[in-house]
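Listed below are the residues making up each chain.
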Amino acid sequence: MTDSYDIAVIGAGPAGMSAAITASAAGARVVVLDDKPRAGGQIYRNVTDSPLKNTDLLGEDYTKGAALVEQFNACRAEKITAANVWHVGDNGEILFSQAGASASLTAREVVISVGAMERPFPIPGWHLPGVMTAGSAQVMLKSDGLVRDGAVFAGSGPLLYLIVAQYLRLGVKVKALVDTTPKQNYLAAASLLPGALGHTDVLTKGIGLLNEIRRAGVPVYKYAEDLSIRGEQQAEGLSFTAKGESHSLDAAHIFLHQGVIPNLNMTRATGVEHVWNREQLSWQPRLNSWGQTSVAHIAVAGDGSGIIGADAAALSGQLVAWQQLVRLGLISPENAENHSRPLQQKLQRYQGLRRFIDRLYKPADALRKPEQQETMVCRCEEQTRGQLKAAFDQGARLPDELKGLTRCGMGPCQGRQCGHTVSELLAQWQGCEVEAVGYYRLRSPMRLINLTELARFQPHRQASAVEVKS
C-alpha cells in the first residue's frame, strides 16, 4: 500500500480535527493535511505550545481547545503538517507542497475544512503598510507573542472586541476602539434575541468583553462612519465621524475587522456549487444536511461551509465523518443516523445564536462596497474602484470579464481579498442580485508554487497501514 486513503481531511481546525478523530476511531484510513506546523486552526493556534507564559489571559474559548488538539494528536489519523494543498482532483488525487517539494496522494473521500478568512475592509488607505486585520494581530500574538502598542482597532464583531480585551489583559496599550456597528443593527437584531437566549453564556461573554474594554479606559467611538486611513507611504492615522462629530486619531498601526467569511478558493477550484448567503453577505458551498457538496466525493465542514463558530464547527466535522463512513461502507446508515441525530439537534440550537450575531454585526454597505473612486479594491494588482468602474463601463458585467480587462483577482491571493467586493460592486452597478453576477472562476493550482517544487515531485507514502473494521 503506498498512497491510498479512505478519507483525506484538508485543514486541522476544530472541524477537521473532529472529523479525523471520528473517522479514524471507526476504522477508516485517514490522512490530515494542514498548512501549519501544529493542529488547531486559527482559533486554537499554538494552544498546546504557546509562546505566552499565561495562556489563560487569552480566555477560556482559546484554552479549551487544548483538549481537542491533544485528542487529535493521539488519534490514529496520519498527520501531514506544514503542507500546502494546491490541487484536489475529481479522481480523489491531492497534490501538495511541503518543505520545498511536491507530493501526491489519493483518497476515496475528501473533507475540506479550511475555515474562514476575515472579510475585506475596502476603505481609503486600507492597503498601506501599518494596516492589518485584527485577526492578523491575533495570529502574531498566538504565534510569536508579538503585539503593537498604541494601535487603533476599527470595525465590529466579537473577534474585534476579543483581541482588544486580550491586548489589555497583557498590559498592551490600545489607543482606541472605533466601533462601526450601525445603530439600526441593534434594533433589527432585537427581534432575533429570543432565539439566542439558549446561549446566554455566549451573550454574557460578549457583554463582559465590552465592559472590560470600557473599564480599562480605552476610548470607544460608537456608530462610526466615513472611515479613511491617512498616510502616503505608511499609515499615519484614522479619520472618521461618530455621532455627527469628526475625529482624527494618529496611529502607526491600525487593525481592521468586520467579521469573517468562508475561505472558498479550494471549494471553488474543485467545481463545487456555491450559493449567496444573504444573512451573512457571503458565498458558501451548496451542501446537504450532512455537509455533502455537489461533487460526489467532497464534503465541507466548519466555517468553510458558512460561518458557524468553533463549537458548531467541531460538531459539523463529526457529522461529515459519519456520513463519509457510510459512503465508504464502514458503518450502516442506521448507525450513522444514531450518532448524527444529537449532533444535528445541537447544530440546530446554534442557528438562533448565529442569526442574532449575523444581524447585529451585519457590516454597513459603505464598508463593503467602496464609494470613493481612489479606494483600492484589488490590492495585489493595485486596481481601484474607479478603474473597475471604468472597465464596467466598457462592458464587463461578470467578475471574470472584469478580471480580463483589469487583472483584478489575478495576484498572489487569487481573488481572496477582492472577490466578494467585486461581486457586490458589479451587482450594485447593474441593479441586480449578487447571485446573478457570480464569482471568479478559479482553478488549480490553488496556491502559488514554483518550478523547483514541481521538479521535486514524488508520491506520498503512507506512514503505516491501519486495520479496517469489518
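Residues numbered from 1 in each chain as written. Predicted model: local features only at pLDDT ≥ 70, side-chain atom pairs only at ≥ 80, totals over all residues. Heavy atoms only, no water.

Asks: Before we go on, may I ask you to explain the overall build of the chain in this structure?
Replies: When its secondary structure is counted, the chain shows 17 helices and 22 strands. Its C-alpha atoms give the chain a radius of gyration of 22 Å, within 12% of the compact-globule value 23 Å for 470 residues. Seen along its three principal axes, the alpha-carbon backbone of the chain occupies a region of about 70 × 50 × 45 Å. Of the contacts formed within the chain by residues at least 6 apart in sequence, a portion of 67% connects residues at least 24 apart. In the chain, 48 positive and 45 negative side-chain charges are present, and the distance between their average locations comes to 2 Å. (Helix = DSSP H or I, 4+ residues; strand = E, 2+ residues; numbered from the N terminus. Rg over C-alpha atoms; globule rule 2.2 N^0.38 Å. Contact = heavy atoms within 4.5 Å. Lys, Arg positive; Asp, Glu negative; His and termini not counted. Charge placed at Lys NZ, Arg CZ, Asp CG, Glu CD.)

Asks: Mind showing me how you'd approach the side chain of S113 here?
Replies: Positionally, S113 belongs in the loop between β6 (101-112) and β7 (116-118). The buried category is assigned to S113, whose relative accessible area is 6%. At 3.1 Å, the side chain of S113 forms a polar contact with the backbone oxygen of G11. Excluding residues within four positions of it along the chain, S113 makes contact with V9, I10, G11, A15, G16 and A301. (Buried < 20%, exposed > 50% of the residue type's maximum accessible area, 1.4 Å probe, protein only. Polar contact = N/O pair within 3.5 Å; in protein donor to acceptor, adjacent residues only side chain to side chain.)

Asks: Looking at this model, I keep getting lost on the layout of surface pockets. Mind explaining?
Replies: If a probe the size of a water molecule is rolled over the atoms, the empty space left behind becomes visible. Roughly 730 Å³ of volume is contained in the second largest pocket. Q284, S305, G306, I308 and Q351 are, among the 29 residues lining the second largest pocket, the residues nearest its centre. At the level of elements, β18 (282-285), α10 (310-327) and α11 (333-360) are the ones that each hand at least two residues to the lining of the second largest pocket. With eight residues, the top contributor of residues to the lining of the second largest pocket is α11. (1 Å grid on protein atoms, 1.4 Å probe; cavity = no way out; pocket = protein on both sides within 12 Å on 5 of 7 lines; lining within 4 Å. Points joined across faces, edges and corners; volume = space filled by probe spheres on them.)

Asks: Even after reading the chapter, I still don't get the confidence of the model for the chain, so can you show me in this structure?
Replies: Any region with low pLDDT has predicted coordinates that should not be read closely. When the pLDDT values of the chain are averaged, the result is 95; 98% of them are 70 or greater. Taken together, the stretch residues 465-470 has pLDDT below 50 and engages in twelve contacts with residues farther than four places along the chain or on a different chain. (pLDDT = per-residue confidence, 0-100.)

Asks: Please explain the sheet that holds strand β14 (residues 245-250) as it appears in this structure.
Replies: Adjacent strands of a sheet pair through backbone hydrogen bonds, lying either parallel or antiparallel. Spatially, β12-β13-β14 is the arrangement adopted by the three strands of the open sheet, whose pairing is antiparallel. Each edge of the open sheet is held by one strand with a lone partner, namely β12 (224-230) and β14. In this sheet, adjacent strand axes meet at a mean angle of 15 degrees when their direction is disregarded. Sheet topology places strand β13 (residues 237-242) next to β14; six bridges connect them, and they run antiparallel. By the bridge assignment, F240 is partnered in β14 with H247. (Pairing = 2+ DSSP bridges. Axes fitted to C-alpha atoms, helices over the stretch in contact; angles between N-to-C directions.)

Asks: Would you explain the nonpolar core in this entry?
Replies: Nonpolar side chains tend to gather and get buried jointly when the protein is soluble and globular. Core analysis: the largest hydrophobic core is formed by 69 residues, its most contacted members being V30, F72 and F153. Element by element, the count of residues in this core is highest for α10, at eight residues. In this structure, Y5, F96, W276 and L388 belong to the second largest nonpolar core, which totals 46 residues. (Core = buried A, V, L, I, M, F, W, Y, C linked by side-chain atoms within 4.5 Å.)

Asks: Would you mind showing me how to read helix α1 (residues 14-25) here?
Replies: Helical geometry: 3.6 residues make up each α-helical turn, so side chains three or four residues apart lie on a common side. Taking 1.5 Å per residue, twelve residues should reach 16 Å; α1 reaches 17 Å between its end C-alpha atoms and fits that length. Taken across its twelve residues, α1 has eleven buried, putting it largely inside the fold. Tucked into the core, α1 has its buried residues touching β1 (4-10), β2 (30-33), α3 (65-74) and α10. Downstream of α1 by a residue or two, G27 has a phi angle that is positive, lying close to 105 degrees. (Expected span 1.5 Å × (residues − 1).)

Asks: Sorry if this is basic, but what is going on with the packing of aromatic side chains here?
Replies: The relation between two aromatic rings is expressed through the spacing of the ring centres and the mutual angle of the planes. All chains considered together, the criterion is met by nine aromatic pairs. Here the aromatic rings of Y167 and F255 are separated by 6.5 Å at their centres, their planes lie at 80 degrees, and the arrangement is edge-to-face. Residue Y167 is found in helix α5 (residues 158-169), and its partner F255 is found in strand β15 (residues 254-258); the two are separated by 88 residues along the sequence. Between Y439 and Y440, the aromatic rings sit 5.6 Å apart at their centres with planes inclined by 65 degrees, giving edge-to-face as the arrangement. In this structure Y439 comes out as buried when scored by relative accessible area, which is 10%. Each member of the aromatic cluster is reached from another via a ring pair, and the members are F153, Y167 and F255. (Phe/Tyr/Trp six-rings, centres within 6.5 Å; stacked < 30°, edge-to-face > 60°.)

Asks: Hey, could you run me through the side chain of S423 in this one?
Replies: Secondary-structure assignment places S423 in helix α15 (residues 419-430). On the basis of relative accessibility, which here comes to 1%, the residue S423 falls in the buried class. Engagement of the side chain of S423 in a polar contact is seen with the backbone oxygen of G438, the distance being 2.6 Å. In contact with S423, not counting residues within four places along its chain, are W283, P399, V434, V437, G438 and Y439.

Asks: How do you make sense of the pattern of salt bridges when you look at a structure like this?
Replies: Pairing between side chains becomes possible if they bear opposite charge and their charged atoms approach one another. With the rule as written, the count across this model stands at 21 salt bridges. Here K36 and D35 are joined by a salt bridge, their closest N and O atoms 3.0 Å apart. Residue D35 is classed as partly exposed on the basis of its relative accessible area, which comes to 32%. The partner of D61 in a salt bridge is K64, and the shortest N-O contact between them spans 3.8 Å. Accessibility expressed as a relative area gives 35% for D61, which makes it partly exposed. With a relative accessible area of 33%, K64 lands in the partly exposed category. A cluster of three or more residues bridged by salt bridges with shared partners is formed by D61, K64, K205 and D311. (Salt bridge = Lys/Arg side-chain N within 4 Å of Asp/Glu carboxyl O.)

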